[in-house]
Amino acid sequence: MESDKIIYWIIQEQRVFSDLDWLSISEDNFLQTLRFPKRREEWLAGRWLAKNLLVQGSESLSDTKLNEISIEKNADGSPFVLWKGNILPGSISISHRSGNIAAAWTPYPDFRIGIDLELVEPKTNSFIEDYFTNTEIEYTLNQKPEKQACVSSLIWSAKEAVMKAMHTGLSIDTRQVEFGFCPVDQEKVWQNLNVIHYPENSNNANLFWQRQGGKIITLAVLTQADKQESLTFQNIIQIE
């Protein structure tokens, strides 16, 4: 019997770096092009967390120095991992929001993943009407006020996660991705959110989410497999 496919993930508060010797040469060169301090800090924190996640989750990288790993970008903006001059099989994704960083990685080459981090906060009616489908709009606006912020934040985060996994980002109409619904009461447990449709030819699209206090984390997994994959989520709890 085939074992579950593992997806490694982590979320931590953003940190400030005084030492940058963990960057690869190409990463250091790219850093010099970032003009704004906030963007530089987010980019550094995301790369550092993702590299540590790789070292913790991959047996082949367990003894690797961080500056020997380089997280590069494809032409479409999606990240990939370069190690010893070769592209590391699998899929990696990074998200940052309001001083928090999240990263996810899987070694399985038939997966494309996207992780997104969102604050639970109210969305205006105009925002919901611009970016949600008619079904999502009706569902969200019919929620009680105390739940509407969570539902709208979840839908928005889920759309971003799927579009990251598709390698399109926000270059497509967000209404091309639509979700079903489930209760939003539990915290710190991965729950499934049904993907009703999205503009892809992948056979399976899976969306998982959890709430941690005032934050929502969503994780999209796209695959060409003909059957539902059995997934295991392994949290790397703390990286110093």
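Cut-offs applied
- Residues numbered from 1 in each chain as written.
- Predicted model: local features only at pLDDT ≥ 70, side-chain atom pairs only at ≥ 80, totals over all residues.
- Heavy atoms only, no water.
- Helix = DSSP H or I, 4+ residues; strand = E, 2+ residues; numbered from the N terminus.
- Expected span 1.5 Å × (residues − 1).
- Buried < 20%, exposed > 50% of the residue type's maximum accessible area, 1.4 Å probe, protein only.
- Salt bridge = Lys/Arg side-chain N within 4 Å of Asp/Glu carboxyl O.
- Pairing = 2+ DSSP bridges.
- Axes fitted to C-alpha atoms, helices over the stretch in contact; angles between N-to-C directions.
- Contact = heavy atoms within 4.5 Å.
- Parallel < 35°, antiparallel > 145°, perpendicular 65-115°, else oblique.
- Nonpolar A, V, L, I, M, F, W, Y, C, P; charged D, E, K, R; others polar.
- Phe/Tyr/Trp six-rings, centres within 6.5 Å; stacked < 30°, edge-to-face > 60°.
- Lys NZ or Arg CZ within 6 Å of the ring centre and 35° of its normal.

Enquirer: Explanation requested: helix α2 (residues 37–57) in the structure shown.
Expert: For an α-helix, 3.6 residues make a turn, and residues three or four places apart therefore share a direction. Between the first and last C-alpha of α2 there are 30 Å, a value that for 21 residues agrees with the 30 Å anticipated at 1.5 Å per step. With 15 of 21 residues buried, α2 is to be regarded as a mostly interior element.

Enquirer: What should I look at first to understand the pattern of salt bridges in this one?
Expert: Two side chains carrying opposite charge are able to pair once their charged atoms lie near each other. Taken as a whole, this structure holds 10 salt bridges when the rule is applied. Notably, a salt bridge pairs Lys51 with Glu27, separated by 2.5 Å at the nearest N-O pair. Of this pair, Lys51 sits in helix α2 while Glu27 sits in helix α1 (residues 25–31); the two residues are 24 residues apart in sequence, bridging distant segments of the chain. Of the residues examined, Lys51 reaches a relative accessible area of 0% and is grouped as buried. For Glu27, a relative accessible area of 1% gives the class buried. Close ionic contact of Asp173 with Arg175 constitutes a salt bridge, the shortest N to O distance being 3.1 Å. A network of salt bridges, in which partner residues are shared, links Arg97, Glu118, Glu121 and Lys123.

Enquirer: How should I be thinking about the sheet that holds strand β6 (residues 100–106) in this particular structure?
Expert: By definition, the strands of a sheet pair up through backbone hydrogen bonds, in either a parallel or an antiparallel sense. An order of β5-β6-β1-β13 is seen for the 4 strands of this open sheet, with the pairing classed as mixed. Lying at the two open borders of the sheet, with one neighbouring strand each, are β5 (91–97) and β13 (231–235). Neighbouring strand axes in the sheet, compared pairwise and without regard to direction, differ in orientation by 20 degrees on average. As defined by bridge partners, strand β1 (residues 5–13) adjoins β6 across 6 bridges and the pair is classed as antiparallel. In the sheet register, Ile11 faces β6, and the bridge partner there is Ala102. Helix-sheet contacts for α2 involve β1, β5 and β6, and the interaxial angle to β6 is about 35 degrees.

Enquirer: Even after reading the chapter, I still don't get the packing of helix α4 (residues 134–141) against helix α5 (residues 145–166), so can you show me in this structure?
Expert: Between α4 and α5, whose axes approach to 9 Å, the crossing angle comes to 155 degrees. By the angle class used here, α4 and α5 are roughly antiparallel. Note on element contacts: α5 touches α4 through Gln148, Val151, Ser152, Ile155 and Lys159, opposite Glu136, Tyr139, Thr140 and Leu141. Along the lines of polarity and charge, the residues of the contact of α4 with α5 split into 4 nonpolar, 3 polar and 2 charged.

Enquirer: Could you clarify how one ought to interpret the packing of aromatic side chains in this entry?
Expert: Remark: the centre distance and the inter-plane angle together describe each pair of aromatic rings, the angle taken between the planes. Scanning the entire structure with this criterion turns up 13 aromatic pairs. Ring centres of Trp9 and Trp190 lie 5.1 Å apart, and the angle between their planes is 80 degrees; on these two criteria the pair is classed as edge-to-face. Of this pair, Trp9 sits in strand β1 while Trp190 sits in the loop between β8 (178–179) and β9 (191–193), placing them 181 residues apart in sequence. Each member of the pair, Trp9 as well as Trp190, carries the same accessibility label: buried. Ring geometry for Phe17 and Trp48: centres 5.8 Å apart, planes at 55 degrees, overall tilted. On the criterion of sequence distance, the pair formed by Phe17 in the loop between β1 and α1 and Trp48 in helix α2 is long-range, its members being 31 residues apart. The same class applies to Phe17 and to Trp48, which are both buried. By way of ring pairs, the aromatic residues Trp9, Trp190, Phe208 and Phe233 are connected into one cluster. Over the ring of Tyr108 we find Lys5; its NZ or CZ atom is 5.0 Å from the centre of that ring. Sitting over the face of the ring of Trp48, Arg15 holds its NZ or CZ atom 4.3 Å from the ring centroid.

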